[in-house]
Amino acid sequence: MSGKEKSITVKIERVEVYEKISFQGNLVYNSIETVGNAFDKLDLSLYEGFILNMSDVNYIDSTGFGMFINFTKKLHARNKKVVAIVTDEFIEELFDISQMNLIIPIVKTEEEAKQLLKSKISTLKTIEEYFKR
Amino acid sequence: MELKIKLPACEESIPFLRELVMHTLVLRNIRERKRIVFACNEAVMNSVQAMIEKGKMHKDIVLHMKIYDSEIELNVVDYAGGIPEDTQKKLNQLTFTDMEDSIRGRGLLFIKNIMDELWFRYLENQGFLVGMRAKITIEGEEI
């Protein structure tokens, strides 16, 4: 039988006043620790908004979405904006199915992400509204 | 076409089965392959994780895939005791926005939304079956 799940690589870089977090590989159950550690290292107060760059994600499972929900909750609690760059049509469909596109808007490019973060409103719902609280 | 495979309840089985199902669906030119692979992977992941949590790594999980002309059926069987009946019933009413912000627990909701049918069955051999079915189209054969 073939080996283990391919690991995820997380790269963090500053883009103007935003922090871009790029993922490369499979965003799955066994990447919880790697992604969680990367999120924990971020000083959320330093940046106006966050860009989750998923353009190099080959595969995402439900735990990958769970990690994003968790991170988005932390960001919304600090009034920080978040946008995801998604180029894969199926991953975009999964955001739509889970209605996560209501709390994490989806764009195709970094330029679109910056424009959306600059705009006054970037999400359709807050995390509290999303969870019907 | 039918494919039945038994694999140990370990994490390595998750990517293996995902790739196996994807390659099979690519070979059969099934347009909905990404959706089906995603749903199947969620069921396999749930089974493997449940078996590990119950300390039953010595037992196998079983994937049974049946591909018909316009439909696919997938059954995943494990021996971790199953999903409580109230959780099964609740699933029909649950939506993603009812979920807490936990990292795990959305797999069945994704399957319910992706596939046309999802069902559960306790087997006589102590196994628990998660079954799912979806209509398929073959690339190049659309009307």
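A. Highlighting the overall build of chain A. For chain A, the count of helices and strands is five helices and five strands. The N-to-C order of helical and strand elements in chain A reads β-β-α-β-α-β-α-β-α-α. In summary, chain A has a C-alpha radius of gyration of 14 Å against a globular reference of 14 Å for 133 residues, a match within 12%. Dimensions of chain A, computed from C-alpha atoms along their principal axes, come out at roughly 50 × 30 × 25 Å. Pairs at least 24 apart in sequence give 66% of the contacts found in chain A among residues at least 6 apart.

B. Representation of the sheet that holds strand β1 (residues 9-15) of chain A in the model. Residue and element names in this part refer to chain A. The sheet built from five strands is open, its strands ordered β1-β2-β3-β4-β5 with mixed pairing. Two strands close off the open sheet at either side, each with one partner strand: β1 and β5 (106-107). By the bridge criterion, five bridges tie strand β3 (residues 49-60) to strand β4 (residues 81-85) in an arrangement that is parallel. Within β4, the position partnered with I51 by the bridge is V83.

C. Focus on the state of the cysteines. Residue and element names in this part refer to chain B. Considering all chains together, one arrives at zero disulfides over all chains under this definition. In this structure C10 is a free cysteine whose sulfur lies 15 Å from that of C40, the closest cysteine sulfur available. Looking at C10, the relative accessible area reads 23%, which means it is partly exposed. Here C40 falls in the buried class, since its relative accessible area comes to 2%.

D. The arrangement of the side chain of E42 of chain B in detail. You can see E42 of chain B is positioned in helix α2 (residues 33-53). Buried E42 of chain B, no salt bridge; nearest opposite-charge side chain is R18 of chain B, N-O distance 7.9 Å. If sequence neighbours within four positions are ignored, E42 of chain B has contacts with D61 and S62 of chain A together with G107 and I111 of chain B.

E. Main features of the interface of chain A and chain B. Taken together, the contact between chain A and chain B spans 32 residues of the former and 32 residues of the latter. Where chain A packs against chain B, one counts two salt bridges. Where R35 of chain B meets E93 of chain A, a salt bridge forms, and the shortest distance between an N and an O atom there is 2.4 Å. Connecting chain A to chain B are five residue pairs in polar contact (both at pLDDT 80 or more). The biggest single contributor to the side of chain A that touches chain B is helix α2 (residues 62-77) of chain A, with eight residues. Looking at the side of chain A that touches chain B, its residues break down into 14 nonpolar, 10 polar and eight charged.

F. Expanded view of the sheet that holds strand β5 (residues 128-135) of chain B. Residue and element names in this part refer to chain B. Pairing in this open sheet of five strands is antiparallel, and the strands run β1-β2-β3-β5-β4 from one edge to the other. Two strands lie at the open edges of the sheet, namely β1 (2-8) and β4 (117-122), each paired on one side alone. Neighbouring strand axes in the sheet, compared pairwise and without regard to direction, differ in orientation by 15° on average. Pairing of β1 with strand β2 (residues 60-67), which is carried by seven bridges, proceeds in the antiparallel orientation. Within β2, the residue paired with E2 across the bridge is K66.

Cut-offs and rules
- Residues numbered from 1 in each chain as written.
- Chains lettered and ligands numbered in written order.
- Predicted model: local features only at pLDDT ≥ 70, side-chain atom pairs only at ≥ 80, totals over all residues.
- Heavy atoms only, no water.
- Helix = DSSP H or I, 4+ residues; strand = E, 2+ residues; numbered from the N terminus.
- Rg over C-alpha atoms; globule rule 2.2 N^0.38 Å.
- Contact = heavy atoms within 4.5 Å.
- Pairing = 2+ DSSP bridges.
- Disulfide = S-S within 2.5 Å.
- Buried < 20%, exposed > 50% of the residue type's maximum accessible area, 1.4 Å probe, protein only.
- Lys, Arg positive; Asp, Glu negative; His and termini not counted.
- Salt bridge = Lys/Arg side-chain N within 4 Å of Asp/Glu carboxyl O.
- Polar contact = N/O pair within 3.5 Å; in protein donor to acceptor, adjacent residues only side chain to side chain.
- Nonpolar A, V, L, I, M, F, W, Y, C, P; charged D, E, K, R; others polar.
- Axes fitted to C-alpha atoms, helices over the stretch in contact; angles between N-to-C directions.

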